[in-house]
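# Coordinate analysis (summary)
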Amino acid sequence: MNQLTGNLDKMNTLCPTNGGLVEYSLSMNGKGVLPLNALIGKKVSWSYQGQINCIHCGASIKKAVGQGSCWPCFNNLACNDLCIMKPETCHYAKGTCRQPKWADTHCMTDQALYLARSSGVKIGITRGGNHLTRWADQGASEALVIGLFPNRLDVGLAEKAISSSGISDRTSWQKMLKHDLTDTAFEPIMEQVKEILSKEQQQYLLDEPKTIKLEYPHIEWPKKVKSLKLDKVPIYTATLMAIKGQYLIFDTNEVFNVRAHSGYNISFSWED
Ligand SMILES: [Zn+2]
């Protein structure tokens, strides 16, 4: 078996601009270290000894908060502020942003409003240009950018209005992993979105949104899914059957959310 040791990070994804197969790589200490698509059908293992390091400052921690942060980084960094979960509460304009410089490049820039099908169709937002990465992270099978807004507050308010009117902003991760997709058409939802938004918000909708289809490396999708946690299963070996979203899917119907274990120091092994 080959082996790599390091602090886990969310998997890196590469998607062709016009859609196609998502290429995954295992990321440790902030950089891609191992292409994973080639390991489908092979045995992989991990071993975790109880060490976690904050993905921002590297501090050794007993328990991660958010996704891989220590307490000080969780309380101080703008990327960990509540407004990242609730973009409609962006408080940059009030002058209270934790890190205005960070926000200048992450929040005060073009933001995409999109529809994605990962099981049912959902509404979502992401930084302009980041949509392919976001869709791959969510395991979307097809998606389209329907609007481009000038900043995070504006797109957040639009998304809030849309989700409050009954269009889902959630992904069912179990259905997504089982590749259980609805065939709800995008067009009627786009019409609905237009009706929900104000005249001012409508100006940011695109005239001709383009649907992009993404595929994920797999031999077979699981029939049921059981989530693995490193705290409970520190040593594990199984055959990798598929990768979708931020999940590794094994022949045991067990699945591992890589991103949820950001900062965990593991040894990862694989057969040739
Ligand atoms: Zn930290």
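Please read these numbers as outputs of a predicted model, since none were measured by experiment.

## What about the sheet that holds strand E5 (residues 31–35)?
- The sheet built from three strands is open, its strands ordered E2-E4-E5 with antiparallel pairing. Each edge of the open sheet is held by one strand with a lone partner, namely strand E2 (12–14) and E5. For this sheet, the mean angle separating the axes of adjacent strands, direction not counted, is 40 degrees.
- Across four bridges, the pairing between strand E4 (residues 23–28) and E5 is antiparallel. Looking across to E5, one finds that Met28 is bridged to Lys31.

## Details of unusual backbone geometry
- Not every positive phi belongs to a glycine, and Asn29 is a case in point at roughly 50 degrees.
- Structurally, Asn29 is set in the loop between E4 and E5.
- Even without glycine at this site, His179 takes up a positive phi of about 60 degrees.
- Looking at the secondary structure, you find His179 in the loop between helix H6 (173–177) and helix H7 (186–196).

## Let's talk about the domain arrangement of the protein
- Split into domains, the protein comes out as domain 1 (2–52 + 218–270) and domain 2 (76–215).
- Summarising the inter-unit geometry, the C-alpha centres of domain 1 and domain 2 are found 26 Å apart.
- Between domain 1 and domain 2, roughly 1,700 Å² of surface is buried when both sides are summed, and carbon and sulfur atoms account for 60% of that area.
- Of all residues in domain 1, the largest losses of buried area upon contact with domain 2 belong to Val225, Lys244 and Tyr247, amounting jointly to 29% of the total for that side.
- Counting across the interface, domain 1 meets domain 2 through two salt bridges.
- Remark: the boundary between domain 1 and domain 2 carries eight residue pairs in polar contact (both at pLDDT 80 or more).
- Here the residues of the side of domain 1 that touches domain 2 sort into 12 nonpolar, eight polar and five charged.

## Some remarks on the coordination of the zinc ion
- The protein atoms donating to the zinc ion are Cys54 (SG), Cys57 (SG), Cys70 (SG) and Cys73 (SG), with metal-donor distances spanning 2.3 to 2.4 Å.
- Along the chain, the residues donating to the zinc ion fall in the pattern C-x2-C-x12-C-x2-C. A residue pair is termed long-range when its members are at least 10 positions apart, and Cys57 in the loop between strand E6 (43–53) and strand E7 (60–61) and Cys73 in helix H1 (residues 71–76) qualify at 16 residues.
- The exposure class of Cys57 is partly exposed, given its relative accessible area of 48%.
- Residue class for Cys73 comes out buried when judged on its relative accessible area of 11%.

## Quick word on the layout of surface pockets
- Looking at the second largest pocket, its volume works out to about 160 Å³.
- Considering the residues around the second largest pocket, the lining is formed by 13 residues, among which His131, Trp135, Val145, Leu206 and Ile212 are closest to the centre.
- Only helix H4 (131–138) and strand E10 (142–149) provide two or more residues apiece to the lining of the second largest pocket.
- A per-element tally of the lining of the second largest pocket places E10 first, with three residues.

## Concerning helix H5 (residues 152–164)
- With 13 residues, H5 extends 18 Å between its outermost C-alpha atoms, agreeing within 8% with the 18 Å of an ideal straight helix rising 1.5 Å per residue.
- The set of residues buried in H5 consists of Arg152, Val155, Gly156, Ala158, Glu159 and Ile162. Down the axis of H5, the sector holding all buried residues measures 165 degrees, keeping them to one side.
- Contacts made by the buried residues of H5 are with helix H2 (82–85), strand E8 (111–117), strand E9 (121–127), E10, H7 and helix H8 (199–202).
- The first or second residue beyond H5 is Gly166, which carries a positive phi of 105 degrees.

## A word on the sheet that holds E9
- Strand order across the open sheet formed by five strands is E3-E11-E10-E8-E9, with mixed pairing between neighbours. In the strand order of this sheet, the two ends are held by strand E3 (20–21) and E9, each with one partner.
- Sheet strands in contact with H5 are E8, E9 and E10, and its direction is about 170 degrees off that of E9.

## Some thoughts on the side chain of Ser119
- Mapped onto the elements, Ser119 comes out in the loop between E8 and E9.
- In contact with Ser119, not counting residues within four places along its chain, are Ser172, Lys175, Met176, Asp180, Leu181 and Thr182.

## Some details on the side chain of Glu142
- Among the structural elements, Glu142 can be located in strand E10.
- The class for Glu142 is buried, based on a relative accessible area of 15%.
- Excluding residues within four positions of it along the chain, Glu142 makes contact with Leu115, Ala116, Arg117, Phe186, Thr211, Ile212 and Lys213.

Quick notes on the rules
- Residues numbered from 1 in each chain as written.
- Predicted model: local features only at pLDDT ≥ 70, side-chain atom pairs only at ≥ 80, totals over all residues.
- Heavy atoms only, no water.
- Pairing = 2+ DSSP bridges.
- Helix = DSSP H or I, 4+ residues; strand = E, 2+ residues; numbered from the N terminus.
- Axes fitted to C-alpha atoms, helices over the stretch in contact; angles between N-to-C directions.
- Domains from an automatic or database assignment.
- Buried area = accessible area lost by both parts, 1.4 Å probe.
- Salt bridge = Lys/Arg side-chain N within 4 Å of Asp/Glu carboxyl O.
- Polar contact = N/O pair within 3.5 Å; in protein donor to acceptor, adjacent residues only side chain to side chain.
- Nonpolar A, V, L, I, M, F, W, Y, C, P; charged D, E, K, R; others polar.
- Donors = N, O, S within 2.8 Å, 3.2 Å for Na, K, Ca; no water.
- Buried < 20%, exposed > 50% of the residue type's maximum accessible area, 1.4 Å probe, protein only.
- 1 Å grid on protein atoms, 1.4 Å probe; cavity = no way out; pocket = protein on both sides within 12 Å on 5 of 7 lines; lining within 4 Å.
- Points joined across faces, edges and corners; volume = space filled by probe spheres on them.
- Expected span 1.5 Å × (residues − 1).
- Arc of directions from axis to C-beta.
- Contact = heavy atoms within 4.5 Å.

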